[in-house]
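Chain by chain, the residues:
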Amino acid sequence: MTNAEPDILALEVLIRRDGVGEIREGDSVERIIAADADELRSAIMTRVVDRATRDEIVIDLRTIDIDGVFPLRVSPDGGLVETGDVAELAPGEDELTDRLAPGATATEPSGDPATQDHHDETSAGNSDGFLPQGNVHETVRIPRVEMMHHALDQEAEVAQPAPVLEAGLPETGRAPESPDQHEDEAGSPTNAETPPVWFEDRIDEDGLEDTQPWQPRFPRDARQMRELEELERAESAARELARPSTAPEPANPAPVAASATAGAVARAASATAPERRKSDTSAPTLADLLADKQAAPEAPAQQGWRSALRLGTGGLIKLGPGEAERVKRDEIRRVQRQFDGSRTVVVMNPKGGAHKTTATLMIAATFGEIRGGYTLAWDNNETRGTLGWRSHAGSHRNTAVDFLRQLPRFEVSGGATIADVDRFVRPQGDAQFDVLASDDDAASAAIIDAEAFSRMHRTLSRFYRVLVVDTGNNMRASNWEAALDVADQLVIVSTAREDTAASAAWLADGLRERGFGEKLENAVTILSSPSAKEDQALKERLHHHFERLTRAVVEVPYDHAFVGGGELSVSSLKPATRDAWRTATAAIAERL
C-alpha cells in the first residue's frame with residue numbers, strides 16, 4: 001500500500017513596498033494591509049504555511065515581491081523551498097486587483113470556521129462601502145476612533161425616527177422604560193436592543209485574523225482620557241441641539257430627546273474634537289524648549305596676559321579671550337565641524353621637493369589632534385613614496401601593496417574591522433592619525449593603478465572619517481587621476497621658489513583644461529618658506545597669482561624640523577608653525 005500524494009494548490013502572492021498585498025487563488029483575492037513590506041511578507045507566509053500544514057497539502061507559490069518573482073513551494077510539514085530561478089518583475093505585475101473579471105465567483109469555504117465567518121462578513125453585500133464588495137476579502141487595520149464612529153453611524157440608521165421626550169431621562173442619555181416594555185420570566189426586558197458588536201484590529205500580533213468581539217477597555221494613558229472627555233462633551237452638545245426649537249425653556253431644563261442618536265453624537269465629536277486639537281498647535285513643544293536654551297557662556301581667556309591675570313587673582317578677574325585666541329577657537333571649531341560622511345583631501349604638485357609629504361603629514365596630524373582620530377595619511381605613489389620614511393614606523397613594515405593583497409576580505413560586508421586595518425597602517429602616537437605607506441621594496445614590481453586605488457579608497461572610507469592622500473609626481477599615472485576623481489578638497493602646495501611655484505601653476509592650468517575647473521576654484525593653496533631667509537617680493541607675487549586661481553592661500557613659516565628629511569615629530573615644531581598649519585587645515589575643513 002502506498003501513501004496518497006498530497007494535493008497541490010497553486011497560489012499567487014503579491015507583496016508591495018507600501019505594505020499592501022494580495023493572496024490570489026483563482027478568481028478569489030484576499031487583500032492584506034500591513035505597516036510595511038516586511039510585516040506583510042511575514043503575515044502572508046504565516047497564513048500560507050498554516051494552511052499547508054492544516055489541510056496537509058502542497059502549495060505552489062508564485063511570489064511577486066519588491067525584488068522580483070520567486071517560485072516557492074510549501075510542503076505539508078511547513079518546509080519552504082525555491083523551485084526555480086528568480087525572475088524580474090514584468091510591467092503591471094505589482095498592481096493590485098481593483099475589480100475582478102465578470103462572472104467571478106465568491107471564495108469557496110476554507111474549512112476554518114473563524115476564517116469562513118469573517119469571509120462571509122466581508123464578502124456579503126456591504127452597501128455602506130466600509131469594506132469592499134464581491135469576493136475581494138479585505139484584511140485591514142482599522143483605527144479605533146474611525147471604527148467606533150462607523151459602528152455608531154450604523155446604529156443611527158436603524159434607530160426609530162420618532163422623537164420621544166421624557167422628563168425623567170437619566171444623565172446618561174438613555175430613556176426610561178416605556179409602558180409597553182415588560183419583563184419576561186427571567187426578569188429581563190424582552191425588547192431590549194442588542195448592543196452593537198465592534199471588531200477591533202483584523203490582524204493580531206501574529207499576523208492572523210482576529211474576529212473576537214470588541215470588549216471595552218479602560219483608558220490606559222492621558223491621551224485616551226482626553227479623547228473620552230471630548231466624546232462626553234460632544235455628547236452633551238448633541239443633546240442640547242436635539243431640543244425642539246419651539247418648546248419654551250422650563251425652569252428645570254428637560255433632558256435630551258432620545259432622537260439624539262449615537263450617530264449624531266459621533267458626528268458632533270468628530271467635528272468638535274479636531275477643532276479643539278487644532279487650537280492646541282500654539283502650545284510650546286520640546287523643540288521650542290530646546291531652541292530657547294541659552295548658549296554656553298564663553299570660556300575665559302586661556303592664554304596671554306588675560307589668562308595670567310585670571311590666574312594671578314585666583315579667578316576673581318575673568319577676562320574674555322583676546323583677538324588671537326578668538327581666531328584660534330574659531331579655527332578649532334571649523335576643523336571639528338561635523339561631516340555627513342568620509343572626506344578625502346588630495347595634496348598635489350607634480351614636482352618633487354614641493355613639500356607634498358610634509359603637508360600631508362601636517363594636515364593629517366592637525367585633523368587627528370583636533371578631531372580625535374580616524375584620520376589616515378595615505379601615500380598614493382604608484383611605485384615608491386617617502387611618507388613611510390617621514391613618519392613613525394610602528395611595529396611592522398606592511399604597506400599599501402600588502403593591504404591590496406588582503407583587500408578581498410575587507411570588501412566583504414562584515415569581513416573585517418578597524419582592528420584588522422591596524423596590521424597595515426602605522427599609528428602616529430599622540431598625533432592620533434595613521435599612515436598607509438607606499439611600497440618600499442626595491443625589488444618589487446608591484447604598481448598601484450586606478451582600479452586598485454579605487455577599491456582601496458572605497459574600503460578605507462568605511463574606517464576613516466578623513467583621508468589625506470599624498471600623490472606622486474606623474475600627472476599621467478592612472479592612480480593619480482583616480483585620486484583626483486574622488487577628491488572632496490584639493491590642496492596645491494608649493495615652496496616660495498620659482499621652479500616649484502611654476503610647477504604648481506602648470507598643474508592649475510592642466511586641471512582647468514581637463515575639466516576640473518570647479519575643483520580648482522575650491523582648492524586651497526599652501527605656500528611654505530624653504531629657508532629662514534624669505535624672499536618677500538616673490539611670496540607676494542605668488543600669493544597674488546594663486547589667490548586668483550584658488551579659494552584660499554595660506555602661508556606657513558620655515559621650521560628647522562622639516563629640513564632633515566627624517567621622522568617628523570609634530571611636538572617638536574615651533575608654536576608659530578603649528579598655529580599656521582592649524583589655520584591651513586581650518587581653511588581645508590571649511591568646505592569639506
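Residues numbered from 1 in each chain as written. Predicted model: local features only at pLDDT ≥ 70, side-chain atom pairs only at ≥ 80, totals over all residues. Heavy atoms only, no water.

Asker: Help me understand the overall build of the protein in this model?
Answerer: The helix and strand inventory of the protein stands at 19 helices and 15 strands. For the protein, the proportion of contacts with a sequence separation of at least 24, taken over those separated by at least 6, is 68%. Here the protein has roughly 33,600 Å² of accessible surface; of this, 51% comes from carbon and sulfur atoms. (Helix = DSSP H or I, 4+ residues; strand = E, 2+ residues; numbered from the N terminus. Contact = heavy atoms within 4.5 Å. Areas by Shrake-Rupley, 256 points an atom, 1.4 Å probe, with all protein chains shown as cover.)

Asker: Quick question: what am I supposed to make of the packing of aromatic side chains here?
Answerer: The geometry of an aromatic ring pair is captured by the separation of the ring centres together with the interplanar angle, meaning the angle of the planes. Counted under the stated rule, the structure contains five aromatic pairs. When the centroid spacing of 5.6 Å and the interplanar angle of 70° are considered together, the rings of F403 and F424 count as edge-to-face. Remark: F424 occurs in the loop between α13 (418-421) and β10 (426-427) and F403 occurs in helix α11 (residues 400-405); sequence separation between them is 21 residues. In this pair, the class of F403 matches that of F424, namely buried. For the ring pair F410 and F424, a centre distance of 6.0 Å and an interplane angle of 75° mean the geometry is edge-to-face. Within this pair, whereas F410 is found in helix α12 (residues 407-411), its partner F424 is found in the loop between α13 and β10, the two being separated by 14 residues in sequence. Taking relative accessible area as the criterion, F410 reaches 0% and is therefore assigned buried. Residue classification places F424 among the buried positions, given a relative accessible area of 3%. Ring pairing ties together the aromatic residues F403, F410, F424 and F463, which thus form one cluster. The ring of F410 is capped by R409, whose NZ or CZ atom sits 5.5 Å from the centre of that ring. (Phe/Tyr/Trp six-rings, centres within 6.5 Å; stacked < 30°, edge-to-face > 60°. Buried < 20%, exposed > 50% of the residue type's maximum accessible area, 1.4 Å probe, protein only. Lys NZ or Arg CZ within 6 Å of the ring centre and 35° of its normal.)

Asker: Explain the packing of helix α14 (residues 450-460) against helix α15 (residues 478-486) here, please?
Answerer: When two helices pack together, their arrangement is captured by the angle between the axes and the distance separating the axes. Viewed as axis vectors pointing N to C, α14 and α15 meet at an angle of 40°, and their least axial separation amounts to 7 Å. As α14 runs across α15, the sense of the crossing is right-handed. Every residue of α15 that contacts α14 at A450, F453, S454 and H457 is listed here: S478, N479, A482, A483 and V486. Looking at the contact of α14 with α15 residue by residue, the class counts come to five nonpolar, four polar and no charged. (Axes fitted to C-alpha atoms, helices over the stretch in contact; angles between N-to-C directions. Left-handed = near helix turned anticlockwise from the far one by under 90°. Nonpolar A, V, L, I, M, F, W, Y, C, P; charged D, E, K, R; others polar.)

Asker: Would you mind showing me how to read a nonpolar patch on the surface here?
Answerer: A grouping of W305, L309, L316 and I317 is seen on the molecular surface, where their side chains present a nonpolar patch of about 450 Å² in accessible area. Classification of L309 as partly exposed rests on a relative accessible area of 31%. (Patch = residues over 30% accessible without salt bridge, like charges linked within 9 Å, V, L, I, M, F, W, Y side chains within 5 Å. Salt bridge = Lys/Arg side-chain N within 4 Å of Asp/Glu carboxyl O.)

Asker: How should the packing of helix α9 (residues 356-371) against helix α19 (residues 575-589) be read in this particular structure?
Answerer: Running from N to C, α9 and α19 cross one another at 80°; their axes reach a closest spacing of 9 Å. The angle between α9 and α19 places the two elements in the roughly perpendicular class. Contacts from A359, M362, I363, T366, F367, E369 and I370 in α9 reach R578, W581, R582, T585, I588 and A589 in α19. Looking at side-chain class alone, the contact of α9 with α19 contains eight nonpolar, two polar and three charged residues. (Parallel < 35°, antiparallel > 145°, perpendicular 65-115°, else oblique.)

Asker: Before we go on, may I ask you to explain the pattern of salt bridges in this structure?
Answerer: Two side chains of opposite charge can pair, provided their charged atoms sit close to one another. This structure, assessed with the given rule, holds 29 salt bridges. One salt bridge connects R582 with E331, and the closest N-O pair in it is separated by 2.9 Å. On the criterion of sequence distance, the pair formed by R582 in helix α19 and E331 in helix α8 (residues 323-335) is long-range, its members being 251 residues apart. Here R582 and E331 have matching classes, each one buried. For D579, the salt bridge identified is with R582, shortest N-O distance 2.8 Å. Placement of both D579 and R582 in helix α19 is noted, with a separation of three residues, approximately one turn of the helix. Residue D579 is classed as partly exposed on the basis of its relative accessible area of 35%.

Asker: Whenever I open this one, the sheet that holds strand β8 (residues 343-348) confuses me. Can you help?
Answerer: Either a parallel or an antiparallel arrangement is found when strands of a sheet pair, and the pairing is made through backbone hydrogen bonds. One open sheet accounts for eight strands, arranged β10-β11-β9-β12-β8-β13-β14-β15; its pairing is mixed. Since the sheet does not close on itself, it has two edges, and those belong to β10 and β15 (552-556), each with one partner. Bridge count for strand β14 (residues 524-528) against β15 is five bridges, and the pairing is parallel. What sits directly across from I526, in β15, is V554. Strand contacts of α14: β8, β9 (375-380), β11 (434-436) and β12 (466-471), with the helix running at about 175° to β9, the strand carrying the most contacts. (Pairing = 2+ DSSP bridges.)

The quantities given are spatial measurements derived from coordinates; they are silent on function.
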